[in-house]
Amino acid sequence: MTALTSHLKLLEAESIHIFREAAAQFRTPVLLYSIGKDSTVLLHLARKAFWPAKLPFPLLHVDTTWKFREMIAFRDRIVAEMGLDLIVQTNHDAVAKNINPFDYPPSVYTDIMKTQALRKGLDDGGFDAAFGGARRDEEASRAKERVFSFRANGHTWDPRLQRPEMWQLLNGRLGKDETVRVFPMSNWTEADIWRYIMLEQLEVVPLYFAKERPTVERDGQLLMVDDDRIPMKPGEQPVMRKVRFRTLGCYPLTAAIESEAEDLDAVVTETLGAKVSERAGRLIDHDEVGAMEKKKREGYF
Amino acid sequence: MSVAALSETQAVESAIRPAAKSESILHLLTCGSVDDGKSTLIGRLLWDAAGVTDDQRAQIMHASHGRAMNGEKIDFSLLLDGLVAEREQGITIDIAWRYFETESRRYVIIDSPGHEQYTRNMATGASHADIAVLLVDARHGVKRQTRRHAAICNLVGIKKVILAVNKMDQIDWSEERYRAIEADFRAIADNFSFTDIASIPVAALTGANVVARSDEMPWYAGPTLLEYLETVEAKTEAQDAPFRMPVQLVLRGDNDFRGYAGTVTSGTVHVGDRVVDARSGLGATLQRIVTMTGDLTSASSGDAVTLLLDTDLDISRGAVLTETERRPTNADVLEARLVWLSEKPFDPEAGYLLRTATDLTPVTSMSVSTLIDFETLSSHQAHDCGMNDIADCRILLGRSTALDLFSDLPLTGNFVLVNALDGATVAGGVITWVQTGAAAVGDNVLVLDRARLASLCADLGDSPEDKAEYDRRAQEVAILLRSAGIPVLIATDR
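Definitions and cut-offs
Residues numbered from 1 in each chain as written. Chains lettered and ligands numbered in written order. Predicted model: local features only at pLDDT ≥ 70, side-chain atom pairs only at ≥ 80, totals over all residues. Heavy atoms only, no water. Helix = DSSP H or I, 4+ residues; strand = E, 2+ residues; numbered from the N terminus. Contact = heavy atoms within 4.5 Å. Buried < 20%, exposed > 50% of the residue type's maximum accessible area, 1.4 Å probe, protein only. Areas by Shrake-Rupley, 256 points an atom, 1.4 Å probe, with all protein chains shown as cover. Axes fitted to C-alpha atoms, helices over the stretch in contact; angles between N-to-C directions. Parallel < 35°, antiparallel > 145°, perpendicular 65-115°, else oblique. Left-handed = near helix turned anticlockwise from the far one by under 90°. Nonpolar A, V, L, I, M, F, W, Y, C, P; charged D, E, K, R; others polar. Domains from an automatic or database assignment. Buried area = accessible area lost by both parts, 1.4 Å probe. Pairing = 2+ DSSP bridges. Salt bridge = Lys/Arg side-chain N within 4 Å of Asp/Glu carboxyl O. Polar contact = N/O pair within 3.5 Å; in protein donor to acceptor, adjacent residues only side chain to side chain. pLDDT = per-residue confidence, 0-100. Core = buried A, V, L, I, M, F, W, Y, C linked by side-chain atoms within 4.5 Å.

**A few points about the overall build of chain B**
- Secondary structure assignment for chain B yields nine helices and 23 strands.
- Looking at chain B alone, contacts between residues at least 24 apart form 70% of all its contacts between residues at least 6 apart.

Written out as structure tokens, the structure is:
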């Protein structure tokens with residue numbers, strides 16, 4: 001038995017309720033798994049919702065081929081240990097054309113490698129609903145999103161036409177060509193995620209904990225040199241710094257923070273005292289004004 | 001609280017978070033007419049109560065340069081209005097959810113739009129709130145939209161409201177003007193069943209009486225907005241409420257495991273208790289309460305659990321498990337008060353579905369009896385209703401389902417009305433009256449029974465999955481016929 005606080009128990013029960021509603025109302029759901037801390041909690045909540053039955057849907061991971069190597073190793077181990085059904089979706093055409101995060105602006109790279117691959121993965125699988133780990137506290141346009149977020153043909157989001165969502169009642173009846181993104185963790189905060197990981201003793205990718213790692217500084221942000229695909233400037237050498245990550249994505253687009261927090265306790269303490277929001281380390285969000293909303297309208301998560 | 005009194009749970013928690021704090025969460029709605037300053041008020045509350053991170057502060061400071069308001073340097077509304085269209089037009093379109101913690105409690109703030117055309121979004125927000133802050137511009141007083149918002153807050157079950165008379169700086173901090181607006185509002189509130197009504201004069205732009213006390217209004221001795229919120233009690237469930245658990249799913253595992261998964265909506269159930277399926281009246285004894293982290297001995301309101309019974313009741317999604325004594329009504333006719341949310345007005349010929357806790361029931365017929373007039377707040381006879389109206393109506397169902405009255409048990413007494421063809425949520429309502437066996441079969445009603453559906457369902461047998469699939473097909477056929485104007489009843493011949 002775990003010792004969840006009543007606050008976390010409430011959030012957990014709400015998430016389980018949402019998972020069950022979606023599984024009952026949609027024919028072919030899929031869980032979008034991105035390996036990070038939010039996905040770890042999302043997967044754990046999904047297993048709780050259907051236990052002792054098996055997860056009634058597969059996992060879908062959009063692999064840009066630029067993820068941290070430790071993330072992929074972690075993913076493959078978790079999937080094997082838990083006996084999960086995983087679909088990996090990569091935009092192989094774009095990989096063949098060498099679309100990469102160094103030569104292309106973040107918005108172009110993200111659209112091709114993430115948004116397009118995600119749309120293709122959802123279309124190929126014929127999925128009518130996709131679970132995601134997005135939280136309303138992450139970013140201003142996400143703060144506006146419903147739990148059942150309807151997408152028109154082509155996965156586009158129109159924030160002016162969101163379905164009313166009253167009380168605990170979730171209406172999943174689809175119109176023609178509509179699909180749904182389901183966000184069971186809408187009301188969790190970053191601090192809640194860490195408290196929950198700690199109390200439920202969940203394993204997360206080691207990149208969240210501070211360790212000496214090879215880094216370079218670019219535009220005031222620290223990037224980890226995860227492999228030799230990162231081009232070095234003349235005379236530039238990776239510097240060992242004690243760093244960790246608050247969010248995980250593609251390594252060239254995810255900034256590290258210098259930190260001494262080597263274990264969960266320290267990370268939680270640091271997070272609760274943080275003066276900077278977590279998405280500050282996501283380079284793609286700062287590309288242009290309203291960047292996240294634009295990506296969401298086009299079908300990004 | 002002494003250290004010795006801390007439970008194990010609290011001890012773990014205090015290791016993570018030093019300040020002892022109430023575990024309750026306060027869900028706070030802000031509403032009022034357009035330009036009354038809702039987003040600014042909440043932005044100011046977050047800003048002053050430290051709910052804003054440094055990089056967000058920098059972003060807001062930067063963005064504010066484009067649209068300084070009233071000579072102020074910072075535009076606090078930018079903290080809430082996260083959509084591009086909202087920032088461009090300077091209005092709130094959809095509700096924004098914000099989370100913050102003070103030393104003493106956690107807050108979920110739901111900022112709702114004031115424009116009449118976005119009332120459906122305000123209703124969405126209100127249904128999730130424990131307490132509402134109704135904003136009024138001190139220069140204009142109570143408006144039609146204020147009355148509509150108060151009526152919606154009341155409809156969705158909010159019991160506590162705070163009248164915040166904003167922009168006091170614009171009327172020279174006049175006590176006389178404030179008292180007049182307060183009296184106006186209290187007269188309106190008499191029409192509703194609010195239990196707590198507070199009233200606070202504020203100026204969101206300057207921050208007066210939001211977090212910090214104002215020097216300009218020495219005549220006001222009451223609490224600031226934050227002081228009031230820090231101490232007000234969140235929504236509490238009635239003691240000794242009857243047990244209800246709407247079944248979401250049937251879960252199957254090894255060794256013929258067959259459990260009913262759902263969230264307890266009211267009351268408590270213990271292992272060994274008798275429980276009843278409200279629709280069939282069949283009973284069983286609760287054998288186990290199963291969760292992934294171990295069995296429980298009891299489950300209460302809010303718990304998401306899986307119940308294992310000693311005999312199979314042969315039920316599926318949509319059933320409500322209840323205690324033996326105080327049961328819901330297995331109803332096929334109901335009266336309700338609803339708020340119409342769709343741009344398409346109510347159409348007596350359209351095909352609608354009633355979505356209750358976990359059931360989806362075809363509507364055979366529906367009629368509107370009265371509408372609320374937002375000038376006088378009185379009801380008058382009507383047969384039509386359109387977007388943003390509050391109406392009383394009568395609904396006949398295509399088959400019976402387990403229902404409570406909203407005033408007794410909100411989570412098994414509320415519903416949304418769904419357009420069967422495009423899936424849109426067209427109204428949200430609360431049940432005020434229910435009855436069994438009233439929907440008599442007339443000559444012009446087509447009864448969908450096993451015989452009529454025999455060839456459509458020829459591939460289905462007697463397994464629980466097949467029975468659920470039979471119900472689903474019967475429902476879809478009923479919807480299609482209904483939307484073609486043919487009244488239908490689904491025979492339940494179990």
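On we go from here.
**Considerations on the overall build of chain A**
- Counting its regular elements, chain A contains eight helices and 10 strands.
- Out of the 301 residues belonging to chain A, those deemed buried represent 63%.
- Across chain A, contacts joining residues at least 24 apart in sequence account for 74% of those joining residues at least 6 apart.
- Of the accessible surface of chain A, which amounts to about 11400 Å², a share of 52% is contributed by carbon and sulfur atoms.

**Considerations on the packing of helix H2 (residues 37-50) of chain A against helix H6 (residues 190-199) of chain A**
All names here are of chain A.
- H6 packs onto H2 with a crossing angle of 60 degrees between their chain directions and a minimal axis gap of 10 Å. In terms of axis orientation, H2 runs oblique to H6. With respect to the hand of their crossing, H2 and H6 are arranged in left-handed fashion. Together, Lys37, Asp38, Val41, His44, Leu45 and Lys48 of H2 and Glu190, Ile193, Trp194, Tyr196 and Ile197 of H6 make up the contact between the two elements.
- Within the contact of H2 with H6, the residues separate by chemical class into six nonpolar, one polar and four charged.

**With respect to the domain arrangement of chain B**
All names here are of chain B.
- We note that the domain assignment places domain 1 (25-231), domain 2 (244-323) and domain 3 (329-490) within chain B.
- Taken residue by residue, the interface counts 16 residues in domain 1 and 14 residues in domain 3.
- Here domain 1 meets domain 3 over a buried area of about 1400 Å², counting both sides, of which 65% is carbon and sulfur.
- For domain 1, the biggest contributors to the area lost against domain 3 are Arg120, Arg147 and Leu155; these three give 42% of the whole.

**Comments concerning the sheet that holds strand S11 (residues 283-290) of chain B**
- One closed barrel holds the six strands; their spatial order is S7-S8-S13-S11-S10-S14 (chain B), and the pairing between them is antiparallel. Mean inter-strand twist for the sheet, computed between neighbouring axes without regard to direction, equals 50 degrees.
- Pairing of S11 of chain B with strand S13 (residues 304-309) of chain B, which is carried by four bridges, proceeds in the antiparallel orientation. In the sheet register, Arg288 of chain B faces S13 of chain B, and the bridge partner there is Leu308 of chain B.
- Its contacts with the sheet place helix H1 (residues 6-25) of chain A against strand S7 (244-252), strand S8 (258-263) and S13 of chain B, and it is angled at close to 60 degrees to S7 of chain B.

**Here we look at H6 of chain A**
- Taking burial as the measure, the 10 residues of H6 of chain A include 10 buried ones, the bulk of the element.
- Here H6 of chain A has its buried residues at Glu190, Ala191, Asp192, Ile193, Trp194, Arg195, Tyr196, Ile197, Met198 and Leu199 of chain A.

**Details of the pattern of salt bridges**
- The final tally for this structure, using the stated rule, is 49 salt bridges over all chains.
- The salt bridge partner of Arg213 of chain B is Glu227 of chain B, with a shortest N-O separation of 3.2 Å. Within this pair, whereas Arg213 of chain B is found in the loop between strand S6 (196-201) and helix H8 (225-231), its partner Glu227 of chain B is found in helix H8, the two being separated by 14 residues in sequence.
- Among the residues examined, Arg213 of chain B registers a relative accessible area of 40% and is labelled partly exposed.
- The network of salt bridges with shared partners includes Lys37, Asp38, Arg135 and Asp137 of chain A.

**Focus: the interface of chain B and chain A**
- With 86 residues of chain B at the contact, the number on the chain A side is 69 residues.
- Both faces considered, chain B and chain A share a buried interface measuring about 6200 Å² in area, 57% of it formed by carbon and sulfur atoms.
- Applying the counting rule to chain B against chain A returns three salt bridges.
- Our count for the contact surface shared by chain B and chain A stands at 29 residue pairs in polar contact (both at pLDDT 80 or more).
- Its residues placed into classes, the side of chain B that touches chain A shows 38 nonpolar, 28 polar and 20 charged.

**So, the confidence of the model for chain A**
Residues and elements named next belong to chain A.
- Chain-level pLDDT for chain A is 89 on average; 89% of the residues reach the 70-or-more range.
- Ranking the elements of chain A by mean pLDDT puts helix H8 (residues 291-297) last with 62 and strand S1 (residues 29-32) first with 98.
- Scored below 50 in pLDDT, residues 285-289 shows 11 contacts in the model against residues more than four places distant or in partner chains.

**Comments concerning the nonpolar core**
- If you look at the biggest cluster of nonpolar residues, it comprises 84 residues, and the most contacted ones within it are Leu29, Ile158 and Ile162 of chain B.
- Beyond its immediate stretch of four places on either side in the chain, Leu29 of chain B contacts Ile110, Ser112, Met122, Gly125, Ala126, Ala129, Ile131, Ala132, Val133, Cys153 and Ile158 of chain B.
- Counting 78 residues, the second largest nonpolar core, distinct from the first, contains Val41, Phe74 and Ala129 of chain A together with Ala304 of chain B.

**A short note on the sheet that holds S1 of chain A**
Residue and element names in this part refer to chain A.
- With mixed pairing, six strands are arranged side by side in an open sheet as S3-S2-S1-S4-S6-S5. On the outer flanks of this sheet lie strand S3 (86-89) and strand S5 (148-151), each paired with one strand and no other. Recorded for the sheet is a direction-independent mean angle of 30 degrees between the axes of neighbouring strands.
- Pairing between S1 and strand S4 (residues 129-131): three bridges, direction parallel.

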